[in-house]
Amino acid sequence: MRAVALGGGHGLHATLSALRRLTDDITAVVVVADDGGSSGRIRRELDMLPLGDLRMALGALAGQQDPGPVNTLWQRLFEHRFGGHGALAGHAVGNLVLAGLLEVLDDPVAALDQACHVLGVRGRVLPMSPQPVDIEADVTGIRGPAGGDQDRDVAHRIRGQVAVATTPGKVQQVRLDPRRPKACPEACDALRAADLITLGPGSWFSSVLPHLLVPEQFTALVESEARKVLVLNLAPQPGETGGFSPEQHLEVLAAHAPRLRLDVVVADEGAVPEPDRLRRGAEAFGAETLLTTVGATDGSPRHDPEALAEALATAAHHRAPRREPSGTAAPGSAGADGGPDPARPHQEEDRRWP
């Protein structure tokens with residue numbers, strides 16, 4: 001089974017940890033918008049891609065080829081962070097290794113392929129775009145300097161992944177800068193050749209939605225004949241999706257990509273208080289809902305790799321008749337059947353990529 005996982009950060013790490021239990025043919029496509037921590041420092045100082053999420057994806061797949069002590073050592077080394085108070089303090093070794101590879105090879109895909117070889121990865125780790133991007137968001141509910149709420153309906157433009165993830169308020173819409181970032185050709189090829197494509201879990205506005213805002217990649221996703229599976233988060237993320245219900249995550253997704261169609265929406269049954277509402281939201285994408293237990297047994301908001309692998313296996317192989325989108329239009333859609341206006345099949349691209 002050829003699997004492609006779209007995401008970033010800890011959410012993508014969880015998906016990859018599950019997928020590697022099902023197949024060795026995995027391509028991770030990673031958001032390149034991080035501007036904080038070690039990644040942000042390297043990005044600013046060396047003017048290159050942020051490397052932290054790429055490093056985490058490599059770590060999730062490390063040892064596929066040979067889970068022996070050599071690969072385990074390299075995996076530990078990549079994740080090791082320098083201490084102290086000097087210039088290297090806080091940097092992950094893997095970020096520095098990737099930065100060196102990138103400068104020597106002058107090609108992010110070639111650099112990541114070499115890192116895969118060192119870490120014993122059978123699949124591939126690819127950037128969403130060969131160029132770094134910034135996230136911009138319109139956020140309401142930000143209190144004024146006096147602490148009042150008179151400006152609660154005013155949208156403020158917030159820039160940067162860290163700022164979007166941590167600014168109190170309600171995110172209304174996200175964009176990328178540049179507006180039309182170049183896609184990674186190898187990632188688009190992998191999407192078109194895939195049998196299974198996963199999106200999520202992860203930070204909804206900064207790790208999930210950005211994958212739908214790269215025009216060429218979004219087109220490859222829509223045109224792919226793979227099974228498309230969305231994995232929902234186990235809990236709202238404070239600062240980004242605080243107070244969101246599971247179905248609100250779907251509404252945001254539909255508003256940003258009304259042409260997107262899915263096959264299965266996977267959610268933890270303990271995190272869905274109103275299953276019928278989630279099912280109706282999934283039907284707007286033409287998808288079935290798979291409610292099962294995918295959370296860690298300790299009650300923390302983390303996906304259990306074994307349980308998520310079982311859910312993804314079910315989603316990949318359960319070939320129910322494909323549902324047509326429900327008659328209720330998804331937010332952001334223009335057509336009467338819940339899909340885009342057939343006269344303007346690319347209207348969401350028109351809006352997001354002027």
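Parameters at a glance
- Residues numbered from 1 in each chain as written.
- Predicted model: local features only at pLDDT ≥ 70, side-chain atom pairs only at ≥ 80, totals over all residues.
- Heavy atoms only, no water.
- Pairing = 2+ DSSP bridges.
- Helix = DSSP H or I, 4+ residues; strand = E, 2+ residues; numbered from the N terminus.
- Axes fitted to C-alpha atoms, helices over the stretch in contact; angles between N-to-C directions.
- pLDDT = per-residue confidence, 0-100.
- Contact = heavy atoms within 4.5 Å.
- Salt bridge = Lys/Arg side-chain N within 4 Å of Asp/Glu carboxyl O.
- Buried < 20%, exposed > 50% of the residue type's maximum accessible area, 1.4 Å probe, protein only.

> Could you give me a rundown of the sheet that holds strand β7 (residues 196-199), with the residues and numbers involved?
A sheet is described by the order of its strands in space; here 7 strands give the open sequence β3-β2-β1-β7-β8-β9-β10, paired in parallel fashion. A single partner strand is all that each edge strand has here, and the edge strands are β3 (124-127) and β10 (288-292). Neighbour to neighbour, the strand axes of the sheet diverge by 20° on average, direction disregarded. Sheet analysis places strand β8 (residues 227-231) next to strand β9 (residues 264-268), joined by 3 bridges and oriented parallel. Its bridge partner being in β9, Val231 is matched across the sheet by Val266.

> Got a sec to walk through the confidence of the model for the chain? Specific residues and values, please.
Summary statistics for the chain give a mean pLDDT of 86 and a share of 86% for residues scoring 70 or more. Contacts of residues 327-354 to residues separated by more than four positions or lying in other chains number 59 contacts, the stretch itself having pLDDT below 50.

> Describe the pattern of salt bridges, with residues and values.
Applying the stated criterion across every chain yields a total of 18 salt bridges. Across the pair Asp138 and Arg175 runs a salt bridge, and its minimum N-O distance is 2.9 Å. Placement of Asp138 in strand β4 (residues 134-140) and of Arg175 in strand β6 (residues 170-177) is noted, with a sequence separation of 37 residues between them. For Asp138, a relative accessible area of 17% corresponds to the buried category. Each of Arg43, Asp134, Glu136, Asp138, Arg159, Arg175, Asp177 and Arg179 takes part in salt bridges that share partners, so that together they form one network.

> Describe the sheet that holds strand β5 (residues 156-159), with residues and values.
On the basis of which strands lie adjacent, the open sheet formed by 3 strands has the order β5-β4-β6 and antiparallel pairing. Here the strands that pair on one side only, and so sit at the sheet edges, are β5 and β6. When the angles between neighbouring strand axes are averaged without regard to direction, this sheet yields 25°. Where β4 meets β5, 4 bridges bridge the pair, whose relative direction is antiparallel. Paired with Asp138 across the strands is Arg157, a residue of β5.

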